[in-house]
Amino acid sequence: MFPVHRPLLLRVLPLLLGVLLSGCAAPAPRDAAEGDIREAVAAWSRTPPAQLARIPLEGWAYEVSAVRRDGERATARAELRYRLTGYDRAPAGSAREVLLSREGGAWRVTGDRAAPGAPPQLWDQGPVEVVAGAHALVLGAGGSPQTLSEVAAEAERAVPAASAAWPKPWAGRVVVLVPGSLERMAQLLGRPAAEYRGMGAVTTGRVGAAAAPADRVVVNPEGWAELGAAGRGVVLTHEVTHVATRAATTARTPLWLSEGFADWAAYRGGSTTARQGAPALGRAVRAGELPAALPADGAFAFGGDPQALARAYEGAWLACRLIAAKWGDTTLVRLYERAGREPLATALEETVGGDLPGLTLAWQASLRQELGAP
């Protein structure tokens, strides 16, 4: 064993500790260019693009989360936040990539696009046309002016109809997006186009939010073209009702109630009979295939048997129609509110004074009576 020279060891240890501690110190300063890139994005994003001047925007801001530089080019990952003035109580969000290049020693934004895996914005699909009414803001890109006008007219009628069915506080205004094709609709929603084939429209938005999220009704122009005037009114009122009831809808709310209520609101006050509004379910009942239970949540999934899906929606509508007819419109609204806050069994007991098996039996009896053999 070699002897240790203690004075030398005592002098070396502080040096070694200094080296080790320097490796554990704070990360190296950010690339100076990154700060310039972030400043360039901030300057560029202070005002919305000129092509969106007709859209009432506020709170427009890009929050950069990461920067990737490759020589004289760079990409900034950012979250776009904005509101549609008079319509959005909470901001809409969009993951974006901002492209930059360095010219003359300064960074300049050269492009902006949806981040990989994130849905695009409507304006990414082309110039946006705007139709603003008393109750609805309709934005279209790449479609026909006639379709845009038709949708705007139906949306103006749908909002008061939804408010009449849902006499609870809500914004009373709606934003409708009209892309140019089914494929572009699916892009906006970030889902396969096959899921929306044959549909007239869908609604986006989170359920149960204290502050209503930035809901959008998105129209499928191909499905819309296949609908008659009455069908278009039903589709738009159904979707607008989802917007109106958003804050009262939670994960507790059974889909037969949320979808059935939206259809009840859409048909309410009209002359559509059970046979006219529930053809698929009527065929099943007359064939001896009476549903054993109210539609389960899984029955409303798209991409499966379209007839089974139709029967689920029709059955849900007739269940809500029965509740309103037997116990009153106000009771149906109260049931919807309570079902979002407490177990369905409790909500039923406190509103209709019964339970799910009892409601199911009453519903089945009404199906036999209204849809059975003449």
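These figures come from a predicted structure and were not determined experimentally.

Trainee: Can you help me understand the overall build of the chain in this one?
Mentor: Of regular secondary structure, the chain possesses 13 helices and 9 strands. Counting all 374 residues of the chain, 45% fall into the buried class. For the chain, contacts bridging at least 24 residues in sequence account for 62% of all contacts bridging at least 6.

Trainee: Where do I start with the environment of Gly200 in this structure?
Mentor: Locating Gly200 in the fold gives a position in the loop between α4 (182-189) and β8 (201-203). In contact with Gly200, other than residues within four places in its own chain, are Val219, Asn220, Gly223, Trp224, Leu227 and Val235.

Trainee: In this structure, what is going on with the pattern of salt bridges? I would like to understand it.
Mentor: Opposite charge on two side chains permits pairing when their charged atoms draw close. In the structure shown here, the tally under the stated rule is 18 salt bridges. Measuring nitrogen to oxygen at the nearest pair gives 3.9 Å for the salt bridge that ties Glu79 to Arg81. Under the relative-accessibility criterion, Arg81 is labelled partly exposed at 39%. With a shortest N-O distance of 2.8 Å, Glu195 and Arg191 are connected by a salt bridge.

Trainee: Can you walk me through the packing of helix α7 (residues 255-267) against helix α10 (residues 306-327) in this structure?
Mentor: Pairs of packed helices are described in terms of their axes, by the angle between the two and the distance that separates them. The N-to-C vectors of α7 and α10 enclose an angle of 70°; their axes lie 7 Å apart at closest approach. Here α10 runs roughly perpendicular to α7, going by the angle between their axes. Contacts from Trp256, Leu257, Glu259, Gly260, Phe261, Asp263, Trp264 and Tyr267 of α7 reach α10 at Tyr313, Ala316, Trp317, Ala319, Cys320, Arg321, Ile323 and Ala324. Each residue belonging to the contact of α7 with α10 can be placed in one class, and the counts come to 12 nonpolar, 1 polar and 3 charged.

Trainee: Please clarify how the side chain of Ser258 should be interpreted in this entry.
Mentor: Structurally, Ser258 is set in helix α7. Here Ser258 falls in the buried class, since its relative accessible area comes to 6%. The contact partners of Ser258, leaving out residues within four places of it in the chain, are His242, Thr253 and Tyr336.

Trainee: Quick question: what am I supposed to make of the pairing of strand β7 (residues 174-178) here?
Mentor: Regular strands place side chains that alternate from one sheet face to the opposite one. Counting buried residues in β7 gives 5 out of 5 residues, a clear majority hidden from the surface. Burial of β7 is two-sided: the residues Val174, Val176 and Val178 facing one way and the residues Val175 and Leu177 facing the other way are all buried. Both strand β6 (residues 136-141) and β7 contribute to a ladder of 5 bridges, which runs parallel. From the neighbouring strand, Ala136 faces β7, where its bridge partner is Val174.

Trainee: Help me understand the sheet that holds strand β1 (residues 57-70) in this model?
Mentor: Two modes of strand pairing occur in sheets, parallel and antiparallel, and in both the strands are linked by backbone hydrogen bonds. One open sheet accounts for 4 strands, arranged β1-β2-β3-β4; its pairing is antiparallel. Of all strands in the sheet, those with a lone pairing partner are β1 and β4 (106-114), marking the two edges. Within the sheet, the average angular offset between the axes of one strand and its neighbour, ignoring direction, is 30°. Here strand β2 (residues 73-84) pairs with strand β3 (residues 92-103) via 10 bridges, running antiparallel. Note that in β3 the partner of Thr75 across the bridge is Leu99.

Trainee: Sorry if this is basic, but what is going on with the sheet that holds β8 here?
Mentor: The strand order across the open sheet formed by 5 strands is β5-β6-β7-β9-β8, and the pairing between neighbours is mixed. Strands at the two margins of the open sheet, each flanked by one partner only, are β5 (128-132) and β8. Neighbour-to-neighbour, the strand axes of this sheet turn through a mean angle of 20°, independent of strand direction.

Criteria and thresholds
- Residues numbered from 1 in each chain as written.
- Predicted model: local features only at pLDDT ≥ 70, side-chain atom pairs only at ≥ 80, totals over all residues.
- Heavy atoms only, no water.
- Helix = DSSP H or I, 4+ residues; strand = E, 2+ residues; numbered from the N terminus.
- Buried < 20%, exposed > 50% of the residue type's maximum accessible area, 1.4 Å probe, protein only.
- Contact = heavy atoms within 4.5 Å.
- Salt bridge = Lys/Arg side-chain N within 4 Å of Asp/Glu carboxyl O.
- Axes fitted to C-alpha atoms, helices over the stretch in contact; angles between N-to-C directions.
- Parallel < 35°, antiparallel > 145°, perpendicular 65-115°, else oblique.
- Nonpolar A, V, L, I, M, F, W, Y, C, P; charged D, E, K, R; others polar.
- Pairing = 2+ DSSP bridges.

Interpretation note: all reported values are geometric properties and have no functional meaning in isolation.
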